[in-house]
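# Fold and contact review
The primary structure of each chain is shown beneath.
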Amino acid sequence: MMDHVLAYLHGRYQEQTLSLPAVAVALGYNPRYLTTRFTQVVGEHMHTYLVGLRVAHACRALMGGDVSIKEVAYESGFSGPGRLDSAFRRHVGVSPSEYRRIFASP
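Figured I'd write up the structure that's included with this text. (Residues numbered from 1 in each chain as written. Predicted model: local features only at pLDDT ≥ 70, side-chain atom pairs only at ≥ 80, totals over all residues. Heavy atoms only, no water.)

### Here we look at the overall build of the protein chain
Per the secondary structure count, the protein chain includes seven helices and zero strands. On the principal axes, the C-alpha backbone points of the protein chain span a range of 45 × 20 × 20 Å. The buried share of the protein chain, reckoned over its 106 residues, is 34%. In the protein chain, of all internal contacts separated by at least 6 residues, the share reaching a separation of at least 24 is 58%. (Helix = DSSP H or I, 4+ residues; strand = E, 2+ residues; numbered from the N terminus. Buried < 20%, exposed > 50% of the residue type's maximum accessible area, 1.4 Å probe, protein only. Contact = heavy atoms within 4.5 Å.)

### A look at the nonpolar core
As a rule of thumb, nonpolar side chains are buried together in soluble globular proteins. In this structure, Val5, Leu9, Leu18, Val23, Leu34, Phe38 and Met46 are the most contacted members of the largest nonpolar core, which totals 15 residues. Excluding anything up to four places from it in sequence, methionine 46 contacts Val5, Leu9, Leu20, Val23, Leu34 and Phe38. Ranked by size, the runner-up nonpolar core spans 13 residues in total, among them Ala58, Cys59, Ala61 and Phe78. (Core = buried A, V, L, I, M, F, W, Y, C linked by side-chain atoms within 4.5 Å.)

### What to know about the packing of aromatic side chains
What the rule picks out here adds up to three aromatic pairs. Their ring planes at 70° and their centres at 5.6 Å tell us that phenylalanine 38 and tyrosine 49 sit as a pair that is edge-to-face. In this pair, phenylalanine 38 is assigned in helix H3 (residues 31-42) and tyrosine 49 in helix H4 (residues 46-64), connecting sequence segments 11 residues apart. When its relative accessible area of 0% is taken as the criterion, phenylalanine 38 is described as buried. Taken together, a centroid distance of 4.8 Å and an interplanar angle of 45° make the contact between tyrosine 99 and phenylalanine 103 tilted. (Phe/Tyr/Trp six-rings, centres within 6.5 Å; stacked < 30°, edge-to-face > 60°.)

### Focus on the packing of helix H6 (residues 81-92) against helix H7 (residues 96-103)
Helix-helix packing: each pair is described by the crossing angle between the helix axes and the interaxial distance. Between H6 and H7, whose axes approach to 9 Å, the crossing angle comes to 60°. With respect to their mutual orientation, H6 and H7 come out oblique. Contact residues: Leu84, Asp85, Phe88, Arg89 and Val92 in H6; Pro96, Glu98 and Tyr99 in H7. Residue classes in the contact of H6 with H7 are distributed as five nonpolar, no polar and three charged. (Axes fitted to C-alpha atoms, helices over the stretch in contact; angles between N-to-C directions. Parallel < 35°, antiparallel > 145°, perpendicular 65-115°, else oblique. Nonpolar A, V, L, I, M, F, W, Y, C, P; charged D, E, K, R; others polar.)

### Quick notes on helix H5 (residues 69-76)
Three- or four-residue spacings in an α-helix give side chains the same orientation, since the helix completes a turn every 3.6 residues. Along H5, the residues that are buried comprise Val72, Ala73 and Ser76. Take H5 and look down its axis: the buried residues cluster within an arc of 100°, on one side only. Lining the buried residues of H5 we find H4, H6 and H7. Phi turns positive one or two residues past the end of H5, at glycine 77, with a value near 105°. (Arc of directions from axis to C-beta.)

Here it is in structure tokens:
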């Protein structure tokens, strides 16, 4: 079961409309059951896991250097650059622009 849920999340994390209820409906699970099982098996809430996937994607995109922060936000599944910025600061500890400046190839 959880392999199927994780594969679904990894395949669709860039969709801005992806949410726990949407995943539950798509996979045929009760949302309450799904969130409880997910937390038990994975060790974190599904939303936190999803944001982590999106931030990891943003990190890879920022390393490329050519794409604007706004584009990176949308490509990563965030609803805008402000959402990316706050999630990025929470997960990485710096802003996306600082991350790019520190880690992007010259």
